[in-house]
Amino acid sequence: MDNSDLNFASLAVFYEPEEYSLSINYPLYMSANFEYGGDTYDRITQGARKDVNIYSRCGNPTEYQFEEHVARLAGGTACLATASGMAAISHALFGVMKAGDHVIADLTTYSSTHEFFDHRACDFGLDVTLVDCTDVARVRAAIRPETKVLYFEAIANPTMKVAPMAELVALAHAHGIVVICDNTFASPAICRPHDFGVDVVVESATKFIGGHNDAVGGVITQKSDILPADWLEDVRWNTLNKLGAPISPFNAWLLLRGAQTLALRAERQCQSAAKIAAWLRDHPQVERVFYPGLETHPNHAAAKIQLRDFGCMMSFKVATEEMGVQILKNLKLCAFAASLGGVRTTTQMPGTMAFLDIPLQERIAMGIEPGLVRISVGIEHVDDIIADLDQAIKAVLA
Ligand SMILES: Cc1ncc(COP(=O)(O)O)c(C=O)c1O
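If you're wondering where the values come from, they're calculated on a predicted model, not measured in any experiment.

Our focus in this paragraph is the site of the ligand. Gly85, Met86, Asp182, Ser204 and Thr206 are the nearest of the 14 residues found near the ligand. Here an oxygen atom of the ligand and a backbone polar atom of Gly85 are 2.8 Å apart. Contact distances for the ligand include 3.2 Å between an oxygen atom and a side-chain N or O atom of Lys207. Isolated, the ligand exposes 390 Å² of accessible area, and the fraction of that covered by the protein chains is 90%. If you tally residues by element for the shell around the ligand, the top one is helix H4 (residues 85-96), at three residues. Classifying every residue of the shell around the ligand gives four nonpolar, seven polar and three charged.

And the structure:
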């Protein structure tokens, strides 16, 4: 079926049945090893790769089905699944960059990404400049002849900054720079960076794509005029296969199943998030709310252009770190937890959880102030989420 005309919700649900069994759900090929039967041996020795099954570090049919599905959702020409979101990020970077290359990365990215740029990339001979990518002039000023990659997040973790994608892409491409965007906080239901010219999109599928907090995985998608058409297959064979971080077939199967409800989940989560953000904005104990859907958000204009809805990630600032922690400990329905993007509402203190290893002054420069609370809105009834937050805040004041 040509599904190019399908709406996103239908695209999320539909894929062709598996050809041997006509199973409406794709089978789980829980196998590490495959026989070199029939003409497989001859085909492999003559160069066949993805169209034969060899060994699951090189690829697995369940993984391929998940990849095809995500490529369609992301509007990419190809997809490669990895063991985690961090594996997607590192493999995308290592797939483009070589020792001596320079990368411009946003100052505010997920903690492990930031730490990689800040003090691990140099171990591999990569030079990094961290700048606020919402400021195009600063990005322009950071460009050098050896700049190979521009890297930022569609909605930044945890400040919810939204950088102007089309402008950044135009600037980068004028200098032959590859643009890589982490779309984890948005998911393809909210944002498709390829539609704005981004060359490579990385995403922690652990979060919204899977949606159930039950499997870790990552995806890289490609749609690029400046990378070779087979770049991602080259990353599969020459980067992932050598560094060794393939997704497990079971996780690919779980994430594929989760992706089928992505549109439905996102619709409910965004509706609830808008209400929760407005409620928090008017709350006397809340100093500030960071949500791209609020008109007061500094990047609201870019968000209106780039996001189909405003997402279901937000953060808010209370007076102190201790007060924030106590609020989260008081929650009964919402979980106090590290991760995000699932059907359950989850909350965390970014400064003393994900970003704990980053020195305080550096964190503050990134916009992660003490007392910043992050919420990933789930699919519970919005009134129950607000009631839970309300009782948790009141209990701190009692
Ligand atoms: C924005 C962002 N990118 C990447 C990752 C890493 O994903 P994973 O935990 O699947 O490696 C995370 C994890 O929280 C994240 O928030």
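There's plenty left to go through after this.
Bringing the layout of surface pockets into the picture now. Over the atoms a probe the size of a water molecule is rolled, and this reveals where empty space is left. By volume, the largest pocket is sized at about 490 Å³. Grouping the constituent residues of the lining of the largest pocket by class yields ten nonpolar, three polar and seven charged.

Moving on: the packing of aromatic side chains. One pass over the structure, following the stated rule, counts eight aromatic pairs. Here the aromatic rings of Phe116 and Phe117 are separated by 5.9 Å at their centres, their planes lie at 65 degrees, and the arrangement is edge-to-face. Just as Phe116 is buried, Phe117 falls in that class too. An aromatic cluster is defined as three or more aromatic residues linked by ring pairs; in this entry it consists of Phe94, Phe116, Phe117, Phe124 and Tyr151.

Turning our eyes to something else, we now look at the domain arrangement of the protein. Entries for the protein in the domain assignment read domain 1 (8-96 + 169-259) and domain 2 (263-397). Put simply, the middle of domain 1 and the middle of domain 2, counted by C-alpha atoms, are 30 Å apart. Counting residues at the interface gives 18 residues for domain 1, matched by 20 residues for domain 2. Contact with domain 2 buries surface across domain 1, with Phe185, Ile190 and Phe208 losing the most and accounting together for 41% of the total. Between domain 1 and domain 2 we count zero salt bridges in total. The tally of links from domain 1 across to domain 2 stands at six residue pairs in polar contact (both at pLDDT 80 or more). Of all elements in the fold, only helix H1 (8-13) and helix H9 (249-259) reach the threshold of two or more residues within the side of domain 1 that touches domain 2. Counted by class, the side of domain 1 that touches domain 2 contains eleven nonpolar, five polar and two charged residues.

A few words now on the UniProt feature "modified residue: N6-(pyridoxal phosphate)lysine" (unreviewed entry) in the protein. Cross-referencing UniProt, the feature "modified residue: N6-(pyridoxal phosphate)lysine" (unreviewed entry) maps to Lys207 in the present numbering. Using a relative accessible area of 16% as the deciding quantity, one classes Lys207 as buried. When residues no more than four places from it in sequence are discounted, the contact partners of Lys207 are Thr184, Ser339, Leu340 and Gly341.

The subject of this paragraph is the environment of Pro246. Structurally, the position occupied by Pro246 is in the loop between helix H8 (231-243) and H9. Residue classification places Pro246 among the partly exposed residues on the basis of a relative accessible area of 22%. For the pair formed by Pro246 and Ser111, sequence separation is 135 residues and the distance between their alpha carbons is 22 Å. The contacts of Pro246, once residues within four sequence positions are left out, are Ser56, Arg57, Thr82, Ala83 and Leu240.

Among the nonpolar cores identified, the biggest contains 93 residues, and Phe66, Leu150, Phe152, Ile276 and Met314 are the most heavily contacted of them. Per element, the largest residue contribution to this core is eight residues, and it comes from helix H10 (residues 262-281). Taken domain by domain, this core gets at least three of its residues from each of domain 1 (8-96 + 169-259) and domain 2 (263-397). If near-sequence neighbours (up to four positions away) are discounted, Met314 is found in contact with Met160, Ala273, Ile276, Ala277, Leu280, Phe290, Tyr291, Val373, Arg374, Ile375 and Val377. Counting 25 residues, the second-largest nonpolar core is a separate cluster that includes Ala92, Met97, Val149 and Leu232.

What follows deals with the sheet that holds strand E5 (residues 178-182). Strand order in the open sheet formed by seven strands is E1-E7-E6-E5-E4-E2-E3, with mixed pairing between adjacent strands. Strands with a single pairing partner mark the edges of an open sheet, and in this sheet they are strand E1 (78-82) and strand E3 (127-131). Adjacent strand axes in the sheet meet at a mean angle of 20 degrees when their direction is disregarded. Alignment of E1 against strand E7 (residues 218-222), held across five bridges, turns out to be antiparallel. Following the sheet pairing, Ala81 is matched in E7 by Val219. Across the sheet, H8 is in contact with E1, strand E6 (200-204) and E7; its angle to E1 comes to roughly 25 degrees.

Calculation notes
Residues numbered from 1 in each chain as written. Predicted model: local features only at pLDDT ≥ 70, side-chain atom pairs only at ≥ 80, totals over all residues. Heavy atoms only, no water. Near = heavy atom within 4 Å. Polar contact = N/O pair within 3.5 Å; in protein donor to acceptor, adjacent residues only side chain to side chain. Areas by Shrake-Rupley, 256 points an atom, 1.4 Å probe, with all protein chains shown as cover. Helix = DSSP H or I, 4+ residues; strand = E, 2+ residues; numbered from the N terminus. Nonpolar A, V, L, I, M, F, W, Y, C, P; charged D, E, K, R; others polar. 1 Å grid on protein atoms, 1.4 Å probe; cavity = no way out; pocket = protein on both sides within 12 Å on 5 of 7 lines; lining within 4 Å. Points joined across faces, edges and corners; volume = space filled by probe spheres on them. Phe/Tyr/Trp six-rings, centres within 6.5 Å; stacked < 30°, edge-to-face > 60°. Buried < 20%, exposed > 50% of the residue type's maximum accessible area, 1.4 Å probe, protein only. Domains from an automatic or database assignment. Contact = heavy atoms within 4.5 Å. Buried area = accessible area lost by both parts, 1.4 Å probe. Salt bridge = Lys/Arg side-chain N within 4 Å of Asp/Glu carboxyl O. UniProt positions renumbered as here; feature names shortened; annotations may be inferred. Core = buried A, V, L, I, M, F, W, Y, C linked by side-chain atoms within 4.5 Å. Pairing = 2+ DSSP bridges. Axes fitted to C-alpha atoms, helices over the stretch in contact; angles between N-to-C directions.

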